[in-house]
Amino acid sequence: TKIGFNSGQVMVVAVTNGSEISHKEQLIHMLRENIPSISSIVQNINSSRTNVILGMQNITLWGENYIIDTIGKLKFKISPLSFFQVNPVQTRVLYDKAAEYAKLSGKETVLDAYSGIGTISLFLSQKAKKVYGIEVVKPAVADAKENARINNIDNVEFIEGEAEKIIPQMVDEGFRPDVIVVDPPRKGCDQHLLEAMIKADPDRIVYVSCNPATLARDLKYLSENGYN
């Protein structure tokens, strides 16, 4: 279930290991009857035997195929495969702190690795000259571009691909951001990305983490290569 903390909208995603759902109409009726704020019911198909919860195929059973939520004054469109922080109120605190560390004056070029649906990128774009967001999940990139549009933000560019491949390539081609922001999954940053970050030589690196162990590992490398 995805819940828009501020908007109150609710999306229910039913994950199945096949394309058929028994008693589909009864399920839809039950959910609509018991969740007044529901605006989206989606079937996600995942037939793979892995620890990944969601598959890549979604079928909208009822309502919209997305919900909307807000962080501060920004609106964000959230699709079934898109990651969104579960507490947007505290997320605002987190992003304010990231912006404080980024020390943006309006002249900087910012690189946002693992940009998701563009939350940090769009948040920082308000105080940056240009922001580039890198994200591997295709639906999230589509959401990010749409979120830039609905917020009338035109100084952000979202690029689909793996951060550990795209960013080293950008740096090898001469790209030199003033600030790099990373918000990786629990596994932390790939070594190739860390090496590219050092080679890019930004003035500041802002690292947002959800895993202290991989954060410590990555900060050890960054601190051994000139960053405090």
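In short, a report on the structure. Predicted model only: the values in this text are computed from it and were never measured.

Looking at helix 7 (residues 212–224)
- Along its 13 residues, helix 7 runs 18 Å from first to last C-alpha, staying within 8% of the 18 Å computed at 1.5 Å per residue.
- Structurally, helix 7 contributes buried residues whose contacts are with helix 6 (191–200) and strand 11 (204–207).
- The N-terminus of helix 7 is capped by asparagine 211, whose side-chain oxygen sits 3.1 Å from the backbone nitrogen of alanine 213.
- A positive phi of about 105° marks glycine 226, the residue just after helix 7.

Topic: the pairing of strand 3 (residues 38–45)
- With eight of its eight residues buried, strand 3 lies for the most part within the structure.
- Here strand 2 (residues 10–16) pairs with strand 3 via seven bridges, running parallel. The residue of strand 3 that forms the bridge with alanine 14 is glutamine 43.
- With respect to chirality, the unit in which strand 2 leads through helix 1 (residues 24–34) into the neighbouring parallel strand 3 is right-handed.
- Taken together, the six bridges between strand 3 and strand 4 (residues 57–63) define a ladder with antiparallel strand orientation. Paired with glutamine 43 across the bridge in strand 4 is isoleucine 59.

Side note on the state of the cysteines
- One pass over the structure, following the stated rule, counts zero disulfides.
- Here cysteine 189 stays free of any disulfide, with the sulfur of cysteine 210 as its closest cysteine sulfur at 11 Å.

Side note on unusual backbone geometry
- Residue histidine 23 is not a glycine yet carries a positive backbone phi of 55°.
- Relative to the helices and strands, histidine 23 resides in the loop between strand 2 and helix 1.
- One non-glycine residue, tyrosine 114, lies in positive phi territory at about 65°.
- Mapping tyrosine 114 onto the fold places it in the loop between strand 7 (109–113) and helix 3 (119–125).

A few points about the packing of aromatic side chains
- Under the counting rule described, the total for this entry stands at two aromatic pairs.
- The interplanar angle of 80° and the centroid separation of 5.2 Å between the aromatic rings of tyrosine 132 and phenylalanine 175 together place this pair among those described as edge-to-face. Taken as a pair, tyrosine 132 in strand 8 (residues 130–135) and phenylalanine 175 in the loop between helix 5 (163–172) and strand 10 (179–182) lie far apart in primary sequence, 43 residues in all. Assigned by exposure class, tyrosine 132 and phenylalanine 175 land together as buried.
- If you follow lysine 130 out to its NZ or CZ, it ends over the ring of tyrosine 132, 5.4 Å from the centre.

Focus on the side chain of threonine 16
- In this fold, threonine 16 is placed in strand 2.
- Of the polar contacts made by the side chain of threonine 16, one reaches the backbone oxygen of glycine 18; its length is 2.6 Å.
- In contact with threonine 16, other than residues within four places in its own chain, are Ile21, Gln43, Asn44, Ile45 and Asn46.

Rules used throughout
- Residues numbered from 1 in each chain as written.
- Predicted model: local features only at pLDDT ≥ 70, side-chain atom pairs only at ≥ 80, totals over all residues.
- Heavy atoms only, no water.
- Helix = DSSP H or I, 4+ residues; strand = E, 2+ residues; numbered from the N terminus.
- Expected span 1.5 Å × (residues − 1).
- Contact = heavy atoms within 4.5 Å.
- Polar contact = N/O pair within 3.5 Å; in protein donor to acceptor, adjacent residues only side chain to side chain.
- Buried < 20%, exposed > 50% of the residue type's maximum accessible area, 1.4 Å probe, protein only.
- Pairing = 2+ DSSP bridges.
- Right-handed = clockwise from strand over helix to strand, strands pointing away.
- Disulfide = S-S within 2.5 Å.
- Phe/Tyr/Trp six-rings, centres within 6.5 Å; stacked < 30°, edge-to-face > 60°.
- Lys NZ or Arg CZ within 6 Å of the ring centre and 35° of its normal.

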